[in-house]
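Listed below are the residues making up each chain.
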Amino acid sequence: MRVGILGIAGRMGQELVAQARAAGHDVIGGTLNPASARAYRNDIPALGLPHLAGQSDVVIDFTHADAVAEHARVLSTGRAAWVLGTTGIAPEQQLQVEAASHRIAVLQAAHFGLGINLLMTVARQLAAILPAETYDAEIVEMHHRQKVDAPSGSALLLGQAVAEGRGTTLAAVMESGRDGHCGARATGAIGFASLRGGQIVGEHSLSFTALGEQITLSHRAFDRNIFAAGAMRAAAWLVGRPPGLYGIDEMLDLRPARGHDRQ
Ligand code: NAD
């Protein structure tokens, strides 16, 4: 594949370059943050997004939510498929991603590792069985000190899986950022807590706690190479597919393919 990597100087960007090359793909270039003054030293050329959109089979994007609307606009005019791993995307930015998916194939995931995606499937099933009135669902995540968004994209997806299993929406029951005299936990709430520190790649736990017992699902990512490996697999899966907004559950075959019909 001819691959373009957005945010080539970032942690994920560098890991993606290494993995794409190791797999024998042609990394034709990448973008740099126009606002960053940091020097870039690498043999991968820094190219403009329009060039990458026209010349790549796929571009892989782990950058910043603020860049997403511009990426959606430019990529829609090109031929490259778009693997999107950036998190913290606001609803209006997400609309731009959806608009782009009418023109090009887009695979968007807040977590590209296999383990946490399986965890979401199990979370959905447990939530459908355990009564929300009795089993309090709480999600705790911890990430490295540089992470800019909270709760993490994966924590939100876990919360959505629980909400789906319970036949509700996360927006209706989310309790995040408890602080001070915030009152007792609402029945059926899905609670979130975010911890930050050091260079932790990603830890998530989901517990269902009743008066007499607790069930906990937990996941630890030790190395961000699992995300890059998932993104590279997603890229190979996506190239050649018709326009649409695809999810990683479809690639992993955890749900049937739905393309544009996806809700
Ligand atoms: P990072 O800060 O190390 O890298 C981001 C890079 O993007 C930086 O080099 C930054 O300068 C660059 N950038 C910002 N705006 C840009 C723009 N307009 N054009 C080009 N480059 C731009 O962060 P990271 O740890 O590599 O994570 C990047 C994103 O990926 C974050 O949103 C993070 O939450 C997400 N992430 C997702 C997964 C997943 O599995 N989906 C896994 C890890 C990280």
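Residues numbered from 1 in each chain as written. Predicted model: local features only at pLDDT ≥ 70, side-chain atom pairs only at ≥ 80, totals over all residues. Heavy atoms only, no water.

Novice: Even after reading the chapter, I still don't get the site of the ligand, so can you show me in this structure?
Specialist: Looking at the ligand, there are 23 residues lining it, with Arg 11, Met 12, Gly 85, Thr 87 and Phe 112 nearest. Contacts to the ligand include Thr 87, whose side-chain N or O atom sits 2.6 Å from an oxygen atom. Contact distances for the ligand include 3.1 Å between a nitrogen atom and a backbone N or O atom of Ala 109. Notes on the ligand: free accessible area 850 Å², of which the protein chains cover 82%. (Near = heavy atom within 4 Å. Polar contact = N/O pair within 3.5 Å; in protein donor to acceptor, adjacent residues only side chain to side chain. Areas by Shrake-Rupley, 256 points an atom, 1.4 Å probe, with all protein chains shown as cover.)

Novice: Could you clarify how one ought to interpret helix H3 (residues 68-75) in this entry?
Specialist: One turn of the α-helix equals 3.6 residues, which is why residues spaced by three or four share an orientation. Within the span of H3, buried status applies to Val 68, His 71, Ala 72, Val 74 and Leu 75. Residues of H3 that are buried in the fold lie against strand S1 (2-6), helix H2 (49-55), strand S3 (58-61), strand S4 (81-84) and helix H4 (91-100). (Buried < 20%, exposed > 50% of the residue type's maximum accessible area, 1.4 Å probe, protein only. Helix = DSSP H or I, 4+ residues; strand = E, 2+ residues; numbered from the N terminus. Contact = heavy atoms within 4.5 Å.)

Novice: What should I look at first to understand the packing of helix H5 (residues 114-129) against helix H6 (residues 153-165) in this one?
Specialist: If you want to describe how two helices pack, look at the angle between their axes and the distance between the axes. At a closest axis distance of 7 Å, the pairing of H5 and H6 adopts a crossing angle of 30°. Taken together, the axes of H5 and H6 lie roughly parallel to each other. Where H5 crosses over H6, the handedness of that crossing is right-handed. Of H6, the residues touching H5 (which contributes Ile 116, Leu 119, Met 120, Ala 123, Arg 124, Ala 127 and Ala 128) are Ser 154, Leu 157, Leu 158, Ala 161, Val 162, Glu 164 and Gly 165. When the residues that make up the contact of H5 with H6 are grouped by side-chain class, the tally is 10 nonpolar, two polar and two charged. (Axes fitted to C-alpha atoms, helices over the stretch in contact; angles between N-to-C directions. Parallel < 35°, antiparallel > 145°, perpendicular 65-115°, else oblique. Left-handed = near helix turned anticlockwise from the far one by under 90°. Nonpolar A, V, L, I, M, F, W, Y, C, P; charged D, E, K, R; others polar.)

Novice: What's the story with the nonpolar core in this structure? I'm lost.
Specialist: A general tendency of soluble globular proteins is for nonpolar side chains to be buried together. Grouped together as the largest cluster of nonpolar side chains are 32 residues, with contacts concentrated most on Leu 16, Ile 60, Val 83, Leu 107, Phe 112 and Leu 238. Mapped by element, the contributors of at least two residues to this core are S1, helix H1 (11-22), S3, S4, strand S5 (105-108), helix H8 (225-238) and helix H9 (248-251). The greatest single-element share of this core, amounting to eight residues, is contributed by H8. The contacts of Leu 107, once residues within four sequence positions are left out, are Trp 82, Val 83, Leu 84, Phe 112, Ala 234, Trp 237, Leu 238, Tyr 246, Gly 247, Ile 248 and Met 251. Core analysis: the second largest hydrophobic core is formed by 23 residues, Leu 126, Ala 155, Leu 170 and Ala 210 among them. (Core = buried A, V, L, I, M, F, W, Y, C linked by side-chain atoms within 4.5 Å.)

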